[in-house]
Amino acid sequence: MSRRLTTLTVILTGLASQASADVTTPEKVHNLSTMLVTGEQESASLNIDSPSVAGSRLNLSAKENPASVAIANRALMSQIGARDLQDAANILPGVNLAKFPGSGASASLRGFTGSQVNHLFNGIPLAYVIAARPVDSWLYDRVEAVGGPSSFLYGASSVGGSLNYITKVAERKDQEITGQLSYGRFDRKKAAVGVNQAINDHNWLRFDYSKTDSNGYIDRNEDKTDSVAFSWLSDINDKLTHTLAFEYQEEEEDSPYWGTPTLNPQVGKLAIDKSTRDNNYNVQDGLYQQRVRWLRSVTDYQFNEKTTLTNTLYHYRAERDYQNLEKYKYNSDNSLITRSAGYQQRHEQEMTGNRIEVTHNGELFNRHSDWAFGLDYNVNHHTGFPSSSGTFDTIDPHAFSPDDFSDLGIGPLTEGRSNTVEMASVFVENRQSLTNRLSLISALRYDHIDFSLKSAPSSDETNSRWDTFSGRLGLVFALNDDVSFYGQYSTSAEPPGGTLTTSGNSTIDDFDISKGRQFEIGAKFNYLDDRGVATIAAYHIVRENFLVTDPNDSTKSLQVGQQTSKGIELASSFQLTPQLRADGNIAFVHAEYDEFFESGTSYQGNTPKSVPNRVANLWLINQPTVDWQLGFGSRYVASVDANNANTQSLASYTLFDAYARYSVNTHLDVTLRGRNLSDKIYAYVGSSTQYYVGEPRTVELTLDLKY
């Protein structure tokens, strides 16, 4: 495995040094991607010259932004065959994202996990990890990643970074029709359509729909999704525009896969019985369902060439239902498995808010000075309906009956804890030109948080309140038109317990905000006559005053925790020949606890669980003729610790993918794609007693249509 990583490292270093990834299609990078795009289509290759809203409200290009910003746009998602947002996010530098029913989206970024990585939809944070469960990618235009503390942009949390999922909306195009049909192993099917249509000179509509279903690579684990989006763009006059956008997503997963139990002794590298790789130990009628609705009203008013006002009114509602038997554990001689932890739950979440922001391109001291000001207010409400059971039965893993959920003896749903989070925010951001080549970028945000909790409908309400500031200060120096260097200091603020939407009294109490800070330096540049583009970043992050278990009383918490993370991220796209391009990124991170207790034991100096110290991606894209395109990709994820004691770990893994695409004509592409070509058995996430086995080798055929 180390030789594979070394090979990736040598190739990336040979391409150049660099870190992050950045946006769509500019003139300077067009030479790099002429084999892939024509006309106005966007490019899948790394781009640092085009303006972007990722990582700033000032519409800066990556070279102008003193931060690590990476983007997986539609072209890149198509190149790697991204089926859902997990596939799309994992192509970005340093991101390791996994989806599974109980945690929605388990992300690791810059040494931090869980609620320390903020997930947003169209720039709106839901403050709930389960709400970030990766869904079908058809409705989405791109995924943006910002490395390190970014509370100044999106509010509380995000010490490790932010992942922002941006949906497609209506554009000013006369007509565009796209479609996709695919079929693959495990009876995985997808049908999707997208239509962007001009109604007249001032109105445009967009409609997107996708349907997927699969028998799953785990026994009895069928899954189906329906996703629909509608948007209406209207130019009311030459200054005022309005966009109305609605998205609805529905998913149903039968007998959800909750993992495969690990063999005893559970020390060192955890292992499974490979003959049970496909087994599903959930009950016959296990279930996960989610229904998600988004509604946004976006109004833009152009006062003049320099000043614009944008108002976004948004509403979100979701219900998630669980009916499963979730934990499985071997006996001492690994001959029998005990099944336990039956759960029947419903989660209901609803959020309504409004954000207003003004951008102004002006001058200060006879130098360019760009500003963004804004206000944001939202109310986020979450209610849980939990019921559970203990040990259910003991089975032979090679011959067992899954039984029914009714056999667990769990009663009807009853309303449990209800949380309400009310947040009011003020933010400002500025880019001040100091010289022709040197710019100062600064940002400041204030959040006022009111929190209320009822442990049960009949219980008394408890209330807490916090006020917090976060910000950024950075310098960007443009050495010339192709090279820029930057440095920044940024901070984050995190509520006690990490996620207020589901926190209980024990994680709130009288605790204060947890703080984070980051120092980062880096460079972004085009090289070798624009044949290549690259980025590199080095950072040091400290998260402090988070909750840890009191070593003298396991029922209590102390606000003394501290974690440090430092690392390097590199990314590059390089045109090796007129027909062959290489895209790659690699991230190195060293994360450790400076102060941390668990079960009365100090884990000072240990690595947090689920954090890989190396993650790398490499793609080679060859276009031998105008009609044919061939791609070969690999992904490496280093070993991760399965517990904070660092006595158990999950093995590293390397995956290989490939595809061949043939353009039948200007309207139809046919793609044959293989994933996990070596049929690697690997754990993409796990714990001490069970881990989730990744997808085996698959092959799929896809038809892409465009008119």
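Residues numbered from 1 in each chain as written. Predicted model: local features only at pLDDT ≥ 70, side-chain atom pairs only at ≥ 80, totals over all residues. Heavy atoms only, no water.

## Observations regarding the overall build of the protein chain
Argument step 1. Summing up its helical and strand segments, the protein chain has 5 helices and 39 strands in all.
Argument step 2. Against the 2.2 N^0.38 benchmark of 27 Å for 707 residues, the protein chain shows a C-alpha radius of gyration of 25 Å, consistent with a compact globule.
Argument step 3. Each of the three principal axes of the protein chain carries a C-alpha extent, and together these read 70 × 60 × 50 Å.
Argument step 4. A buried classification covers 57% of the 707 residues belonging to the protein chain.
Argument step 5. Considering only intrachain contacts with a sequence separation of at least 6, the fraction spanning at least 24 residues in the protein chain is 68%.
Argument step 6. Of the roughly 28,100 Å² of accessible surface on the protein chain, a fraction of 53% belongs to carbon and sulfur atoms.
Argument step 7. Taking the average place of the 62 positive charges on the side chains of the protein chain and the average place of its 84 negative ones, the gap between the two points comes to 4 Å. (Helix = DSSP H or I, 4+ residues; strand = E, 2+ residues; numbered from the N terminus. Rg over C-alpha atoms; globule rule 2.2 N^0.38 Å. Buried < 20%, exposed > 50% of the residue type's maximum accessible area, 1.4 Å probe, protein only. Contact = heavy atoms within 4.5 Å. Areas by Shrake-Rupley, 256 points an atom, 1.4 Å probe, with all protein chains shown as cover. Lys, Arg positive; Asp, Glu negative; His and termini not counted. Charge placed at Lys NZ, Arg CZ, Asp CG, Glu CD.)

## A few points about the pattern of salt bridges
Argument step 1. The final tally for this structure, using the stated rule, is 45 salt bridges.
Argument step 2. The salt bridge involving glutamate 251 is made with arginine 133; its shortest N-O contact spans 2.8 Å. Of this pair, glutamate 251 sits in strand 13 (residues 240-254) while arginine 133 sits in the loop between strand 6 (124-125) and strand 7 (140-147); the two residues are 118 residues apart in sequence, bridging distant segments of the chain.
Argument step 3. The partner of glutamate 350 in a salt bridge is arginine 317, and the shortest N-O contact between them spans 3.1 Å. Residue glutamate 350 is located in strand 18 (residues 337-364), and its partner arginine 317 is located in strand 17 (residues 307-330); the two are separated by 33 residues in the primary sequence.
Argument step 4. Assessed through its relative accessible area of 30%, glutamate 350 is described here as partly exposed.
Argument step 5. Where salt bridges share partners, they join Arg291, Arg293, Arg317, Glu319, Asp321, Arg346, Glu348 and Glu350 into one cluster. (Salt bridge = Lys/Arg side-chain N within 4 Å of Asp/Glu carboxyl O.)

## Description of the sheet that holds strand 7
Argument step 1. Reading across the sheet, the 5 strands line up as 1-7-8-5-6 and stay open at both edges, with mixed pairing between neighbours. Of all the strands in the sheet, just strand 1 (69-73) and strand 6 have a single pairing partner and so form its edges.
Argument step 2. With 5 bridges connecting them, strand 5 (residues 117-121) and strand 8 (residues 161-167) associate as parallel partners. By the bridge assignment for strand 8, histidine 119 is matched with leucine 163. (Pairing = 2+ DSSP bridges.)

## A few points about the sheet that holds strand 14 (residues 260-261)
Argument step 1. Spatially, 14-38-37 is the arrangement adopted by the 3 strands of the open sheet, whose pairing is antiparallel. Taken across any chain shown, the strands that pair with only one partner, and hence form the sheet edges, are strand 14 and strand 37 (683-686).

## A word on the domain arrangement of the protein chain
Often, the extent of an interface is quoted as the loss of accessible area upon association of its parts.
Argument step 1. Each assigned domain of the protein chain is listed with its residue range as follows: domain 1 (60-165) and domain 2 (178-193 + 257-704).
Argument step 2. Of the residues lining the interface, 61 residues belong to domain 1; the matching set on domain 2 comes to 95 residues.
Argument step 3. Carbon and sulfur atoms make up 54% of the surface buried where domain 1 meets domain 2, a total of about 6,100 Å² over both sides.
Argument step 4. The tally of links between domain 1 and domain 2 comes to 38 residue pairs in polar contact (both at pLDDT 80 or more).
Argument step 5. Counting only elements with at least two residues in the side of domain 1 that touches domain 2, the list comes to helix 2 (74-80), strand 2 (96-100), strand 3 (104-109), strand 4 (112-113), strand 6 and helix 4 (151-154). (Domains from an automatic or database assignment. Buried area = accessible area lost by both parts, 1.4 Å probe. Polar contact = N/O pair within 3.5 Å; in protein donor to acceptor, adjacent residues only side chain to side chain.)

## Let's talk about the pairing of strand 5
Argument step 1. Burial runs high along strand 5: 5 of the 5 residues are buried.
Argument step 2. A two-sided burial pattern is seen for strand 5, the buried positions comprising Val117, His119 and Phe121 on one face and Asn118 and Leu120 on the other.
Argument step 3. Relative to strand 6, strand 5 is paired through 2 bridges, and the arrangement is antiparallel. Paired with leucine 120 across the strands is proline 125, a residue of strand 6.
Argument step 4. The turn linking strand 5 back onto strand 6 is made up of 2 residues, and asparagine 122 within it adopts a positive phi angle of 55°.

## Considerations on the confidence of the model for the protein chain
Argument step 1. Residues of the protein chain with pLDDT of at least 70 account for 94%, and the chain-wide mean is 91.
Argument step 2. Counting contacts from residues 1-40, a segment whose pLDDT is below 50, to residues more than four positions away or on other chains yields 132 contacts. (pLDDT = per-residue confidence, 0-100.)

## So, the packing of aromatic side chains
Argument step 1. A full pass over the atoms with the stated rule returns 22 aromatic pairs.
Argument step 2. When the centroid spacing of 4.8 Å and the interplanar angle of 45° are considered together, the rings of tyrosine 489 and phenylalanine 519 count as tilted. Taken as a pair, tyrosine 489 in strand 24 (residues 483-494) and phenylalanine 519 in strand 25 (residues 514-527) lie far apart in primary sequence, 30 residues in all.
Argument step 3. Here the aromatic rings of tyrosine 527 and phenylalanine 574 are separated by 5.6 Å at their centres, their planes lie at 0°, and the arrangement is stacked. Pair noted here: tyrosine 527 is in strand 25 and phenylalanine 574 is in strand 27 (residues 553-575), with a separation of 47 residues, a long-range link. For the pair tyrosine 527 and phenylalanine 574, one class covers both residues: buried.
Argument step 4. Three or more aromatic residues joined by ring pairs form one cluster here, namely Phe121, Tyr165, Trp294 and Tyr316.
Argument step 5. Across from the ring centre of phenylalanine 427, 4.1 Å away, lies the NZ or CZ of arginine 57, which sits over that ring.
Argument step 6. Directly above the ring of tryptophan 138 sits lysine 168, whose terminal nitrogen or CZ lies 4.1 Å from the centroid. (Phe/Tyr/Trp six-rings, centres within 6.5 Å; stacked < 30°, edge-to-face > 60°. Lys NZ or Arg CZ within 6 Å of the ring centre and 35° of its normal.)

## Things to note about empty space enclosed by the protein
Argument step 1. As enumerated under the stated definition, the model contains 13 cavities of 30 Å³ or more in all.
Argument step 2. Of the pockets and cavities examined, the largest cavity occupies roughly 320 Å³.
Argument step 3. Surrounding the largest cavity, 20 residues form its lining, Pro125, Ala127, Tyr128, Ala156 and Ser157 being those nearest its centre.
Argument step 4. Elements represented by at least two residues in the lining of the largest cavity include exactly strand 5, strand 19 (367-389) and strand 21 (418-433). (1 Å grid on protein atoms, 1.4 Å probe; cavity = no way out; pocket = protein on both sides within 12 Å on 5 of 7 lines; lining within 4 Å. Points joined across faces, edges and corners; volume = space filled by probe spheres on them.)

## Some thoughts on the pairing of strand 18
Regular strands place side chains that alternate from one sheet face to the opposite one.
Argument step 1. Sheet topology places strand 17 next to strand 18; 23 bridges connect them, and they run antiparallel. Within strand 18, the residue paired with tyrosine 330 across the bridge is isoleucine 337.
Argument step 2. Taking the residues that link successive antiparallel strands as the turn, the strand 17-strand 18 hairpin has 6 residues, and the phi of asparagine 334 there is positive, at about 60°.
Argument step 3. Where strand 18 lies against strand 20 (residues 393-395), 3 bridges are found, and the strand directions are antiparallel. Residue pairing in the sheet places isoleucine 337 in a bridge with isoleucine 395 of strand 20.
Argument step 4. Looking at chain direction, strand 18 and strand 19 are connected through 23 bridges and run antiparallel. By the bridge assignment, glycine 342 is partnered in strand 19 with serine 389.

## Overview of the environment of glutamate 42
Argument step 1. Tracing the backbone through its elements, the reader meets glutamate 42 in the loop between helix 1 (2-15) and strand 1.
Argument step 2. Judged by its relative accessible area of 21%, glutamate 42 is partly exposed.

## Quick word on the side chain of glutamine 86
Argument step 1. Mapped onto the elements of the fold, glutamine 86 is located in helix 3 (residues 85-89).
Argument step 2. Non-local contacts of glutamine 86, meaning those with residues more than four positions away in its chain, are made with Leu97, Ala98, Lys99 and Pro134.

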